[in-house]
Each structure stands twice: as structure tokens, then as C-alpha cells.
Amino acid sequence: MELFTKNRCFYVLLFLFCSIGKIGFSQQTCTLYDIPSLKSAYINPQNLLTNITIHKTIRVNIHFMLKTDGTGNFTETRDVHNVQNSFNGYWFADKVVERCNFWLSNNPVMTQQLSCCPISVLNINYSYVLAGVFFDKNDSYFNNKSLYSSLIQNGSTVVNVQVYPDSWGHGQGYLSSNLCYVDGAMRAYDEYISSGNWGIDDGVSYLINHEVGHCLSLSHCKKDNSGNCCVSNSPSCLDDCTDTPTYQELINDGFTAPCLWNGFGYSNNIMDYSPNISAFTPCQIEKVHNHIDFAKNYFKYGVFQSSTASINSFSDNADYIATHVSIPSGTSITIPNGKRLYIDSTDLSILGGFEVPIGSIFEYKPYGL
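Residues numbered from 1 in each chain as written. Predicted model: local features only at pLDDT ≥ 70, side-chain atom pairs only at ≥ 80, totals over all residues. Heavy atoms only, no water.

Asks: I would appreciate a short explanation of the overall build of the protein chain in the present structure.
Replies: Across its full length, the protein chain holds six helices and 16 strands. Buried residues in the protein chain amount to 56% of all 369 residues. Contacts in the protein chain between residues far apart in sequence, at least 24 positions, make up 67% of those at least 6 positions apart. Taken as a whole, the protein chain presents about 14600 Å² of accessible surface, with 51% of it coming from carbon and sulfur. (Helix = DSSP H or I, 4+ residues; strand = E, 2+ residues; numbered from the N terminus. Buried < 20%, exposed > 50% of the residue type's maximum accessible area, 1.4 Å probe, protein only. Contact = heavy atoms within 4.5 Å. Areas by Shrake-Rupley, 256 points an atom, 1.4 Å probe, with all protein chains shown as cover.)

Take a look at the structure:
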């Protein structure tokens, strides 16, 4: 028997993958589901009681949508063009999360400012930890972009992000849920190889931050649920924050095209549409922290919904998330080639047989170390 606890740092990551550059591009359409028909007018940041100075890390899973024969996207061993190399799905998932976190750590000044009311720049103070990487092989899902709840893994503790290879800058999400999708992985990868980080940033990472923003309670600033510009201040066009200027407020203040995608006067807000959606207002930051604290507390890294989890068999990628994880006595676990076992826990008890052959991946770092 071996017991790994917080008192003994144990970190294993086999089959290491290369992390090279970074990227950037732009979102074009996003469909938001379950948007309220009538929002609660505006929410003032002072009325949200969460502590935004405490950094929060939430778990995310990345799902690569593949054809039934296992082609068409990144795989365990191949890049998006079906070439076997180190730029495989694990590398891409790590890189995308790295770049998402880079932008969440750098809150820029809002480009659309009303002359009366400067918008403060506060630290965003949340980020992601990659919990699971999954390769979902299904022609029907691959050929019909949608949100597939049947693919969700650990849905009460992890936000699941489906990644499609084609197109560019499209996404969908459910408001305040645990599921969203983005596309553009192929072009993002090609731009990365030729030019560095900007392709991954602009093509995928910005978009993931936008879609996960929906999962964390944020609505579009000036768009309806299908992504069309709202030219009025009707309740369905408001995002519940006084510090995100509305279309009509911007028009009244001299802006000629508040929904402009790019160019002078465009918006860089995380919940708008542009080549640089990265800015959060204080109210948006408050809303996210409020939602994490009170609706997604178990999504936080280091917070566990389950006290125990047992690994009784293993054949495909999986993430085990519980305070105490064990491989029971009498059980024999071998991680197959190219597969990944991720454990997020305070301690791990290995009571049975456990083998990690070359080419497989076992990743475990006790929380707090």
C-alpha cells in the first residue's frame, strides 16, 4: 500500500508535451441559450457581495469532436491534420488553457467609454485548471455543431468545452450552465505554427473565455441571444450591469456604430464581438465571482463535492475528482497507450496494482502542493 497526501508532494506527468508559442484572432457569432426573457434591469456592482480580491480557479474539460473513425480533429497522438507529432490534442488543450489564463490575468481598459462615467480596471481574479481531455468520436456530433449534454464529464464540478476543428470564431453556450462549444481549432493551429500565439488567442482562447463567461452568468452586452445587435434598451438587450454601456447610451454619447466589429470605436468587452474580446467591467467581475461562490462552488479547484472515489477499471480518458481517491485492493489498473488518467484530490491510496506504461499519461498533484 502507498499513500500520497498533502504532506508528501507527488507529481507524475508522463509523456510530456511541448508548449511553444501563443496567439490571437476574433469572434463572429455566438448563440446563447436559456437567456432570460426579462432581465432584472441593471445590477449595480455595489449590490453584489462577493470578494473579488480572492483568486478563484475553476476546473475545465476539453472535448475534441471527432469523426467516428477517430479523424478530423486533434487526437491523443496526432495534430489536427492527422500528422503524428508532439502537437497533439493534449498539447493543444494545455496551450489553449494557458492562453485563456494569460488573458484572464490581463484586464485591459474598456475601449467603449461613456464621457460621463469612466470604467474602472480591476483584476479579473479567476482562471482555469485543465481537469480532463476527451476525444469524442461520433459522425453525427462532428457534422452537426451543437451542445451535447451526453458528453459532459463530471458536470457538477467541471465546465465542459467542446472544440470543433473547422470554421472560425463561432460558439454556443447555456447561460449559467456547465457546457459550451467553440470552433476554429484547425485555423488556430495553422496560425500558431506560422505566426505564433495570436492565432490560438484570437481563434479559440478569446472565444472560450467568452463562452465560459456565459456559463459563469454573463450575457451579451449589446446582442440578442442569436448575436444580432440590439438597437434599443429593451429588457432583453440589457446585461444586468450598469457599467457596460448600452447601444442607446453609446449613440447618445456620440458613437456612430456601437456594434462595430473592428476599427475606431469598437468594443473590446469580453461579452461583445471583436478581434480583441478581453476586457471585463467591475460589475462583470462581480457577477462571475458571485456565480462561482454561490452557484459553482464545487467547480473550484481544491473544493470537492465527493468525499471518496474509487478507480475500479480504466480503459479511456477519465478524471477523478474527490477529496480521497483510491485504487482498491484486488484491482489492477493499467493506463492504455495514449490515454490519460487525471486525479484531482487531497490524497491518493494505491492498494491494488497500478501500471503506467511509456506512452500513457498519469497526472496527479495533491491539492495544496
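There is more to say after this.
Asks: Teacher, can you tell me more about the packing of aromatic side chains here?
Replies: The geometry of an aromatic ring pair comes down to the distance between the two centres and the angle between the two planes. Inspection of every chain in the model, using the stated rule, returns 19 aromatic pairs. Chaining the aromatic ring pairs together yields one cluster made of F64, F74, F87, Y90, W91, F92, F135, Y189 and Y192. Over the ring of F102 we find R99; its NZ or CZ atom is 4.3 Å from the centre of that ring. Above the plane of the ring of W168 lies R187, whose end atom (NZ or CZ) is 4.3 Å from the centre. (Phe/Tyr/Trp six-rings, centres within 6.5 Å; stacked < 30°, edge-to-face > 60°. Lys NZ or Arg CZ within 6 Å of the ring centre and 35° of its normal.)

Asks: Explain the pairing of strand β6 (residues 159–163) to me, please; I cannot follow it from the model alone.
Replies: Consecutive side chains of a regular strand alternate in pointing toward one face of the sheet and then the other. Of all five residues that make up β6, five are buried, and the element is covered over most of its length. Alternating residues of β6 divide into V159, V161 and V163 and N160 and Q162, and every residue in both groups is buried. Sheet topology places strand β4 (residues 56–66) next to β6; five bridges connect them, and they run parallel. Paired with H63 across the bridge in β6 is Q162. Where β6 lies against strand β8 (residues 179–182), four bridges are found, and the strand directions are parallel. From the neighbouring strand, N160 faces β8, where its bridge partner is L179. (Pairing = 2+ DSSP bridges.)

Asks: What exactly am I supposed to notice about the nonpolar core here?
Replies: Among soluble globular proteins, nonpolar side chains are generally buried collectively. Counting residues in hydrophobic clusters, the biggest one holds 50 residues, and the most contacted among them are F64, F92, Y126, Y128, V161, I208 and V212. Contributing elements (two or more residues each) for this core: β4, α1 (89–104), β5 (126–137), β6, β8, α3 (185–195), α4 (198–215) and α6 (282–294). Apart from residues lying up to four places away in sequence, Y128 is in contact with T57, I58, V60, V97, C100, N101, L104, I208, N209 and V212. By size, the runner-up hydrophobic cluster in this structure holds 16 residues, among which are F314, Y320, A322 and L341. (Core = buried A, V, L, I, M, F, W, Y, C linked by side-chain atoms within 4.5 Å.)

Asks: How do you make sense of the side chain of S274 when you look at a structure like this?
Replies: Secondary-structure assignment places S274 in the loop between α5 (247–252) and α6. Residue S274 is classed as buried on the basis of its relative accessible area, which comes to 0%. A distance of 3.0 Å separates the side chain of S274 from the backbone nitrogen of N276, its partner in a polar contact. (Polar contact = N/O pair within 3.5 Å; in protein donor to acceptor, adjacent residues only side chain to side chain.)

Asks: How should the environment of A322 be read in this particular structure?
Replies: Turning to its location among the elements, A322 is positioned in the loop between β10 (318–321) and β11 (324–327). On a C-alpha basis, the gap between A322 and T308 in space is 5.4 Å, while along the polypeptide they are 14 residues apart.

Asks: Got a minute to help me understand the pattern of salt bridges in this structure?
Replies: Two side chains of opposite charge can pair, provided their charged atoms sit close to one another. Scanning all chains against the criterion turns up 13 salt bridges. We note a salt bridge from D293 to K56, for which the minimum N-O separation is 3.8 Å. Here the residue D293 occupies a position in helix α6, and K56 occupies one in strand β4, the gap between them amounting to 237 residues. Using a relative accessible area of 21% as the deciding quantity, one classes D293 as partly exposed. (Salt bridge = Lys/Arg side-chain N within 4 Å of Asp/Glu carboxyl O.)

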